[in-house]
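These are the residues of each chain, in order.
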Amino acid sequence: MRIDNKNILLTSPEPWEHLFVSKHHYAIELTKRGNAVYFLNPPGNKIQISKSQYPNLYLIDYAGFIKGLYLMPKWIRTFETMRIFRKLQQVARVKFDIIWSFDNSVFYDFDSLPNRLFKISHSMDLNQNFQMARSSRSADVCFGVTPEIVERQRKRNKHSYLITHGVTLHLPIEKIILPGTNKKKVLYFGNLAMPHLNWDLLKKATERFLAVDFILVGSNHAFAHKIHTRNLHLVNSVFSKYLPGYMAACDVLILFYKKQYHNSYAMPHKMLEYLSSGKPIVSNEFPGYKEMTDLIYQADTQVEWIQNLERALDKDDPRKSEQRKSFASANTYKTKLHEIQQIIQEL
């Protein structure tokens, strides 16, 4: 089967308005292959369809499933799954050819859906394990972003394959002037309300490097209330297309997470975006990137993280910058879809 010129229902645990991550980028890239993509937002209060800013990419809102469905008998789950599926087809006014699920908390009983439908279970995070057994067992094919995820899937489905994270490459569209009067700039972008951000670590860093400006780009600024140093600057969220300009203007990119985050999230999507800039990256250790210590300054402790930031601010090898960019260029979403297409054709 070709994943071209199809009607694809894509389920996501993050809404379309969320800062774009893998699900959003896959949806956009799939439209470039002639597909009509119907991006299913997390459950809300009503069912409706609307156009996105991209051709052939539509957004569907729906009210979700009845509570506790996973505890009910199989025949009830089958009835409810088909009831919701028919509603979605009615509002989209198409028959779906493929369901591409990035959210195994909904539509995990794939065997309840029509046989003509090709079913893909695609898991991105170690902690997204709501109904992995059922979704893996009943899917036509499973993809995981790390070997650990694929190992879980393969226990239920032999057609389980590793597809690592992808990236969408953009050149800076305008020159960005970052705030602050210091020469050196350190940058992070993302939702500042994320519970696993290590604010104590960032506070220590801003106090240790007073001659460096730390810029946080994202929403929910109130979560940075613990840090009162004059070299911390908060910038409102920006559209993804502007982020390359922000990365080009900084000296070092950072990820500052608590220990439980990098135990649960094996490969943060943001890392590949950082690598595409070529800039030095200071980060916690992550299973998916632990072999890339030559390109990423990775730390297991706060002390080591601070030491790595000092090294990254001091000097970075220009050859490493090109190696980071090359790694990102070899892992675009176009490349990932080509890998997926080859796997599906070989099934």
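The sections below set out a description of the structure shown in this document. What you see is a predicted model, and the numbers here were worked out from it, not measured in a lab. (Residues numbered from 1 in each chain as written. Predicted model: local features only at pLDDT ≥ 70, side-chain atom pairs only at ≥ 80, totals over all residues. Heavy atoms only, no water.)

### Description of the nonpolar core
Ranked by internal contacts, the top residues of the largest apolar core, which has 52 residues, are Tyr 188, Ile 254, Phe 256, Trp 305 and Leu 309. Leaving out residues up to four positions away in the same chain, Phe 256 has contacts with Tyr 188, His 196, Leu 197, Asn 198, Trp 199, Leu 201, Leu 202, Leu 216, Asn 284 and Trp 305. (Core = buried A, V, L, I, M, F, W, Y, C linked by side-chain atoms within 4.5 Å. Buried < 20%, exposed > 50% of the residue type's maximum accessible area, 1.4 Å probe, protein only. Contact = heavy atoms within 4.5 Å.)

### Description of the environment of Phe 85
With respect to the helices, strands and loops of the structure, Phe 85 is situated in helix 2 (residues 74-92). Since its relative accessible area comes to 1%, Phe 85 is described here as buried. Note: C-alpha distance between Phe 85 and Pro 114 (29 residues apart in sequence) is 9.7 Å. Every residue in contact with Phe 85, bar those within four places of it in the chain, is listed here: Leu 9, Phe 96, Phe 107, Leu 113, Pro 114, Arg 116 and Leu 117. (Helix = DSSP H or I, 4+ residues; strand = E, 2+ residues; numbered from the N terminus.)

### Quick notes on the pattern of salt bridges
Under the defined criterion, the tally for this structure stands at 15 salt bridges. Across the salt bridge formed by Lys 185 and Asp 213, the nearest N and O atoms sit 2.7 Å from each other. One end of the pair, Lys 185, is in strand 9 (residues 184-189); the other, Asp 213, is in strand 10 (residues 212-217), and 28 residues separate them in sequence. With relative accessibility at 8%, the residue Lys 185 sits in the buried group. By relative accessible area, which is 2% here, Asp 213 ends up buried. (Salt bridge = Lys/Arg side-chain N within 4 Å of Asp/Glu carboxyl O.)

### Describing the packing of aromatic side chains
Scanning the entire structure with this criterion turns up 18 aromatic pairs. Centre to centre, the rings of Tyr 26 and Trp 100 are 6.2 Å apart; their planes meet at 35 degrees, and the pair counts as tilted. Separated by 74 residues along the polypeptide, Tyr 26 in helix 1 (residues 22-31) and Trp 100 in strand 5 (residues 98-101) bring together distant segments of the chain. Just as Tyr 26 is buried, Trp 100 falls in that class too. An aromatic cluster is present here, built from Tyr 38, Tyr 58, Tyr 62, Phe 65, Phe 85, Phe 96 and Phe 107 joined pairwise through their rings. In this arrangement the basic side chain of Arg 208 is found over the ring face of Phe 209, its NZ or CZ atom lying 4.7 Å from the centre. (Phe/Tyr/Trp six-rings, centres within 6.5 Å; stacked < 30°, edge-to-face > 60°. Lys NZ or Arg CZ within 6 Å of the ring centre and 35° of its normal.)

### Looking at the pairing of strand 2 (residues 36-40)
Of all five residues that make up strand 2, five are buried, and the element is covered over most of its length. Taking every second residue as pointing to the same face, both faces of strand 2 are buried, with Ala 36, Tyr 38 and Leu 40 on one and Val 37 and Phe 39 on the other. With five bridges joining them, strand 1 (residues 7-11) and strand 2 adopt parallel strand pairing. Residue pairing across strands places Leu 9 opposite Tyr 38, the latter belonging to strand 2. Read as a crossover between parallel neighbours, the route from strand 1 over helix 1 to strand 2 is right-handed. Direction of pairing for strand 2 relative to strand 4 (residues 57-61): parallel, over a ladder of four bridges. Following the sheet pairing, Leu 40 is matched in strand 4 by Ile 60. (Pairing = 2+ DSSP bridges. Right-handed = clockwise from strand over helix to strand, strands pointing away.)

### A word on the sheet that holds strand 5
Adjacent strands of a sheet pair through backbone hydrogen bonds, lying either parallel or antiparallel. On the basis of which strands lie adjacent, the open sheet formed by eight strands has the order 3-4-2-1-5-6-7-8 and mixed pairing. Of all strands in the sheet, those with a lone pairing partner are strand 3 (48-51) and strand 8 (160-162), marking the two edges. Between one strand and the next, the sheet's axes are offset by a mean angle of 20 degrees, whatever the strand orientation. Pairing of strand 1 with strand 5, which is carried by four bridges, proceeds in the parallel orientation. If you follow Thr 11 over to strand 5, its bridge partner there is Ser 101. (Axes fitted to C-alpha atoms, helices over the stretch in contact; angles between N-to-C directions.)

### Here we look at the layout of surface pockets
Here the largest pocket is characterised by a volume of approximately 1,300 Å³. Taken together, 50 residues form the lining of the largest pocket, with Glu 14, His 18, Leu 19, Phe 20 and Val 21 sitting closest to its centre. The set of elements that each furnish at least two residues to the lining of the largest pocket consists of helix 1, strand 9 and helix 8 (270-277). Looking at which element gives the most residues to the lining of the largest pocket, the answer is helix 1, with five residues. Taken as a whole, the second largest pocket spans an internal volume of roughly 370 Å³. (1 Å grid on protein atoms, 1.4 Å probe; cavity = no way out; pocket = protein on both sides within 12 Å on 5 of 7 lines; lining within 4 Å. Points joined across faces, edges and corners; volume = space filled by probe spheres on them.)

### A word on the side chain of Ser 138
Residue position: Ser 138 is located in helix 3 (residues 132-138). Here Tyr 108 takes part through its backbone oxygen, which lies 3.1 Å from a polar atom of the side chain of Ser 138. Not counting chain neighbours up to four residues away, the residues in contact with Ser 138 comprise Tyr 108, Asp 109, Phe 110 and Asp 111. (Polar contact = N/O pair within 3.5 Å; in protein donor to acceptor, adjacent residues only side chain to side chain.)

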